[in-house]
Amino acid sequence: MTEPIERPAPAGPSRWRWLVWFGLLLLLLPPVVYQDNVFRLSLFAKFLALAVLALGVDLIWGYTGMLSLGQGLYFAVGAYSVALSLKLKQAAADAGGDAVPGTVPPDYMNYTNLPVTHPDYHPPAALAWIAPLADIRVALLVAVLLPTLLAFLFGMVTFRLRIRGVYFALITQALLYAVYTLVEDQQRYTGGVVGVKNLADMKLFGVTFNPYKHVLKLYWLVAGTLAVCLFGCWLLVNSRFGKVLTAIRDNENRVLALGYNTALYRTTAFAIAGGLAGLGGALFAVANELAGQEYLSITFSIEMVVLVAVGGRGTLFGAVLGAVLVSEARTRISEAAPEWWPIVLGCLFIGSVLLLPDGIVGGLTRLGRKLFRRRPTAAAAAVAGPSANGHVPTDGTPSFPQTVRGA
Amino acid sequence: MGDPNEILRVDNVTVRFGGFKALDGLNFSMRAGELRVVIGPNGAGKTTLLDVITGKVRPSSGSVTFKGRSLAGLPEQRVAQLGIGRKFQTPNVFKSLTVLENLRLSVRSPRRVLAALLLPQAAVARRRVEEILETIGLTAKAHVEAGILSHGEKQWLELGMVMAQDPELFLIDEPVAGMTPRESERTGELLLALSRRHALLVIEHDMTFVRQIASTITVLDEGKTLCEGSVEEVQNDPRVIEVYLGQDREADAANPQPVCVVR
């Protein structure tokens, strides 16, 4: 009796397993194709960093059904943590040979200050706050943990208040815009519209990462991180936790009636997505050699949603594929006609919603099913039908055991 | 208060939606292991009664007690964890999960986030899921997405999900809506079998079905208990006939109208 149940599901994880492996193989492709093209390879490193963020978007939007238009916030926290760390290192290097990173303020903090050499010079108060980031390991931890914590707190408040759907999306966007304005306003602390740039190379465990001089190392760092995140998310969505998330998307009232604290599940998923965004931001800052206000712009966060919509929400591979394809399209189009990109982005979104609601991966899956005439659901029923419990449906209605058992 | 067998007590509960009273000082109680059918005309407050018990709707006044414990202020998931399971009026299953996954989420297992993330499901729970699949006749469709099941199968799956929760009190809202007579009869058998170990509160309109399963019926009208008793008692109660048919008859008597006037 247990045999047909333990048999792997035709529409279940096993179908996706090969896709995940295929996706990991794709990561090997850019270094081969763009062997001598440092520029393209460093671009791909950026795309894959965005893919880490897109995984989080997929987790909360594709799987749980919560649309966030403010993932750029968590991305930016990660990006600024790492950029500030590298900036402190650069400031120390600029100041002279033996200056310790964290003691010398970055240039932008001194815009309204006296010259550093002046006897009445006072180090900016902000320096004390960011000094611990001088250690890149601390900065990387902060880049992941701080966004996770922020997202957790944000989720605790909004989900306990039962804020859902479009209201949730609007609040995430409002918060994003508030921080955007704050960053612009507090130039002495954040670098304002200019951002944090002119960064030192990141040196981690004795390896130096630079998007031009050491592009291959950087690429493998980002690709490796993405692979780990992809695997982690795959475990996550196939765990009971992941099934509860899908159940919340389908019917939250039912999940509540089953005794699950859905607010906590939503919060946890949102926190994980925040952490992924922070990690993506950290890697992106290294690959882009910049942490700027544009990560906090509303269009950036919307673009992150479009990545997932185009690739295919509800499939992890779709998120990664969308991140790479849409970003590549963005680069190509921006090179040719930059003013057209927002229009193309909008068309992509509308097109995917109208024509391919489940994105490229979903569309391909449906096409594959049609071509091979294997509708897995029908196949499963046909195969397992007669033998499973001895009650053969004869009149088209599902059979019900004559004597009720197990009650 | 005194009855030690009492599992559920709804005491003087009023629910207001704006100016409308969905429940109006309702009193209601059930003993452990009882199968109770609640009937009443549209808008009598049947589904609101279930909403109040499960914590989905907060009563404006009055109290709900389950096994001697007040449910006031408890969130829905806590009420469910205490042992109250609910089957909704329209089939509420997780359409993009398979039948098996639907049941695995429902079966008794730790509900905490960390447990769901890290712990594999206990073997006992897995066996229980297989038993229930058998009981509801969906073993062959264990790996089918619940969204493509037929209406009757969805109803059974949801019943199976509530069974998997193993609650002490089942709240079942219109279990046979949209079922064929044969499906409906089998559902009745299932509920009767369940009632040997659990208390069941069933809301249903289909009187054939009610006669099949009911021992005691409570009739609600305008948010109050109109009467309680056996099927015969209730069917012969003039007040019941009045609320189901009366208003029309009174109106007809006062102002007789031809059904159709041809000029």
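Residues numbered from 1 in each chain as written. Chains lettered and ligands numbered in written order. Predicted model: local features only at pLDDT ≥ 70, side-chain atom pairs only at ≥ 80, totals over all residues.

Enquirer: Can you explain the overall build of chain A? Please cite residues and give values.
Expert: Counting secondary structure elements, chain A contains 18 helices and 4 strands. For chain A, the residues scored as buried account for 46% of the 407 residues in total. Taking all contacts inside chain A whose residues are at least 6 apart in sequence as the whole, residues at least 24 apart take part in 76%. (Helix = DSSP H or I, 4+ residues; strand = E, 2+ residues; numbered from the N terminus. Buried ≥ 20, exposed ≤ 12 C-beta atoms within 10 Å, placed from the backbone. Contact = placed C-beta atoms within 7 Å.)

Enquirer: Which residues make up the confidence of the model for chain B, and what are the values?
Expert: Residue and element names in this part refer to chain B. Of the residues in chain B, 92% reach a pLDDT of 70 or more, and the chain-wide mean stands at 85. Segment residues 249-263: pLDDT under 50, and 0 contacts once partners within four positions in sequence are set aside and those in other chains are kept. Both scores are given for the predicted complex: the pTM is 0.85, the ipTM 0.85. (pLDDT = per-residue confidence, 0-100.)

Enquirer: How would you sum up helix α14 (residues 298-311) of chain A? Please name residues and give values.
Expert: All names here are of chain A. Taking 1.5 Å per residue, 14 residues should reach 20 Å; α14 reaches 20 Å between its end C-alpha atoms and fits that length. Within α14, 11 of the 14 residues are buried, leaving the element largely enclosed by the surrounding structure. Those residues of α14 that fall on the buried side of the exposure criterion are Phe300, Ser301, Glu303, Met304, Val305, Val306, Leu307, Val308, Ala309, Val310 and Gly311. On its buried side, α14 packs onto α4 (38-63), α5 (71-95), α8 (165-185), α15 (316-336), α16 (341-354) and α17 (359-372). (Expected span 1.5 Å × (residues − 1).)

Enquirer: Please give an account of the pairing of strand β8 (residues 199-203) of chain B that cites residues and values.
Expert: Residue and element names in this part refer to chain B. Burial of β8 is extensive: 5 of the 5 residues sit out of reach of the surface. Residues Ala199, Leu201 and Ile203 line one face of β8 and the alternating positions Leu200 and Val202 line the opposite face, and both faces are buried. Bridging between strand β3 (residues 35-39) and β8 involves 4 bridges; their strand directions are parallel. The residue bridging Val37 from the neighbouring strand is Val202, located in β8. In the sheet, strand β7 (residues 169-173) pairs with β8 via 5 bridges, with the strands oriented parallel. Along β8, the bridge assignment pairs Phe170 with Leu200. (Pairing = 2+ DSSP bridges.)

Enquirer: Could you give an account of α4 of chain A, naming the residues involved and the relevant values?
Expert: Residues and elements named next belong to chain A. The end-to-end C-alpha distance of α4 is 36 Å, a good match for the 38 Å that 26 residues give at a rise of 1.5 Å each. Of all the bends found along α4, the most pronounced is centred on Val57 and spans about 30 degrees. Across the 26 residues that make up α4, a large majority, 23, are buried. (Bend = angle between axes of the 7 residues up to and from the residue.)

Enquirer: Residues and numbers for the pairing of β3 of chain B, please.
Expert: Every other side chain in a regular strand lies on the same face of the sheet, so the side chains alternate between the two faces. All names here are of chain B. A large share of β3 lies buried, amounting to 5 of its 5 residues. By the alternation rule, side chains of β3 split into Leu35, Val37 and Ile39 and Arg36 and Val38, which are all buried. Here β3 runs beside strand β9 (residues 216-221); their pairing, made up of 4 bridges, is parallel. Across the sheet, the residue bridging to Val37 is Ile217, located in β9.

Enquirer: A description of the environment of Ala178 of chain A should follow, citing residues and the corresponding values.
Expert: Residue and element names in this part refer to chain A. Note that Ala178 resides in helix α8. Take Ala178: there are 13 C-beta atoms within 10 Å of it, and that puts it in the partly exposed class. Sequence spacing of Ala178 and Arg162 is 16 residues, and the spatial spacing of their C-alpha atoms is 22 Å.

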